[in-house]
Amino acid sequence: AAAMATMGARAYAALEGALPAGGKEVLRADWFRIGVCTVGIVGCLMSYGVLQERVMTRPYGEEGELEFFTYTLFLVLLNRLMTCSVAAGTLAIEGQWAQFRPVAPLWTYAAVSVSNVVATTCQYEALKYVSFPVQTLAKCAKMVPVMVWGTFIMAKRYTSRDYLIATLVAVGCTLFILTGEIKSSAAANMAMSASLSSLFGVLLMCGYLGFDGFTSTFQEKLFKGHQMSMQNQIMYVTLCSAGFSLFGLVTSGQLLAGLRFIGRHPDCLGNMLLLSLSTTIGQFFISFTIKNYGALIFATIMTTRQFLSILLSCVLFLHPLSAGQWVGTIIVFATLYYRAFAKSKGKNDPPAEPKDVEGGKEPLLPASNPAGDGQPAAQGQA
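Residues numbered from 1 in each chain as written. Predicted model: local features only at pLDDT ≥ 70, side-chain atom pairs only at ≥ 80, totals over all residues. Heavy atoms only, no water.

What follows concerns the overall build of the protein. Tallying secondary structure elements over the protein gives 13 helices and 0 strands in all. Secondary structure elements of the protein occur, N-terminal to C-terminal, as α-α-α-α-α-α-α-α-α-α-α-α-α. Taken across its 382 residues, the protein has 54% of its residues classed as buried. Working note: accessible area of the protein is about 15600 Å², and carbon and sulfur atoms make up 69% of it. (Helix = DSSP H or I, 4+ residues; strand = E, 2+ residues; numbered from the N terminus. Buried < 20%, exposed > 50% of the residue type's maximum accessible area, 1.4 Å probe, protein only. Areas by Shrake-Rupley, 256 points an atom, 1.4 Å probe, with all protein chains shown as cover.)

This part covers the environment of Leu321. Summarising the element assignment, Leu321 is placed in the loop between α12 (266–316) and α13 (323–344). Residues Leu321 and Gly180 lie 141 residues apart in sequence; the distance between their C-alpha atoms is 6.7 Å. Setting aside residues no more than four positions away along its own chain, Leu321 makes contact with Phe176, Ile310, Cys314 and Trp326. (Contact = heavy atoms within 4.5 Å.)

What follows deals with the pattern of salt bridges. Within this structure, the stated rule accounts for 2 salt bridges. Between Glu67 and Arg264 there is a salt bridge; the shortest N-O distance is 2.8 Å. Remark: Arg264 occurs in helix α11 (residues 254–264) and Glu67 occurs in the loop between α3 (30–57) and α4 (72–94); sequence separation between them is 197 residues. Here Glu67 falls in the partly exposed class, since its relative accessible area comes to 24%. Overall, Arg264 belongs to the partly exposed group, its relative accessible area being 45%. A salt bridge links Glu125 to Lys128, with the nearest nitrogen and oxygen atoms 2.8 Å apart. (Salt bridge = Lys/Arg side-chain N within 4 Å of Asp/Glu carboxyl O.)

Attention shifts here to the layout of surface pockets. With a probe scaled to a water molecule rolled over the atoms, the places where space remains empty come into view. Space inside the largest pocket adds up to approximately 250 Å³. Residue lining of the largest pocket: 13 residues in total, with Ala138, Ala141, Cys173, Cys206 and Leu209 positioned closest to the centre. When contributions to the lining of the largest pocket are tallied by element, the ones reaching two or more residues are α6 (132–139), α7 (143–153), α8 (160–178) and α9 (194–225). Residues belonging to the lining of the largest pocket are distributed by class as follows: 12 nonpolar, 1 polar and no charged. (1 Å grid on protein atoms, 1.4 Å probe; cavity = no way out; pocket = protein on both sides within 12 Å on 5 of 7 lines; lining within 4 Å. Points joined across faces, edges and corners; volume = space filled by probe spheres on them. Nonpolar A, V, L, I, M, F, W, Y, C, P; charged D, E, K, R; others polar.)

Following this line, the structure appears as structure tokens:
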């Protein structure tokens, strides 16, 4: 993330040098830079959300020959390969050749990787059973498993305010689930009841939250125990994740099936590449924002982005929300905004957690998982 922020700053400086005096003053203004960062983060990560829902819940092909993409590990493989390439590229650009060697034992990278792959697979699979607004709102509750894992792994202690915030977010998410339709449109094509489909989707999201919470907490432990850069950890974790994904595809016989699907529907490959690219570009904006304007501005932008993602999904993919679901949504986002602004006043720090690169997916590590896609910290959460 630091290298990405540096590269972004260099590009910005080059653009500034090419403009006349009046243009330079505008580029240097905080309001303009924050506006650019907001548009970049919101645009990239909302594109990620739309593309994720398109790939996992909408059919490809002509009328009468429609088929759904069902090879989740294939999407994970492409995403991790792109992230690994970006991490290696930033190390090379910065000349950090020593960081190409593993700094920690390989099993520690693999442990984070396995948890990361399982979390991401649960996230993508959940979209087959529950709607995107449910998934997005559930990601807001990842502070709960982070607190649990932090207590057991890092022996952390949390304040009463931390527990109150976590409880309010959990209450809002529960209200959302219990007061309206949560089934994915793709579930209509499955041979199971609506209630069973919704239950399975909720269980998958619980699996995502649990494994993603472990991933971020164990990453924090690695950073504290070893002198490693973010890019080093990301490169090795995503390389392991790509290996595990490839192994799963080969052993399950899905690799060739996935390739044949892409051969029949090349637009699906385009969607998947754009999905991965959107989280990578979004990371540049995220790193620049955190470095120059701090966590408060970033948290405010990210919370707004999540809310707008829900609204956009409701409009594009026709997910009507009940009155109870709107109340649950308001409770969750009002709590998150309070958390962000209370932190800015120097009160007790809330528990460290990754955001959605996905996601994704903002600290734990300041630039972690912006999209909330279960990716390792500081990616490329989403």
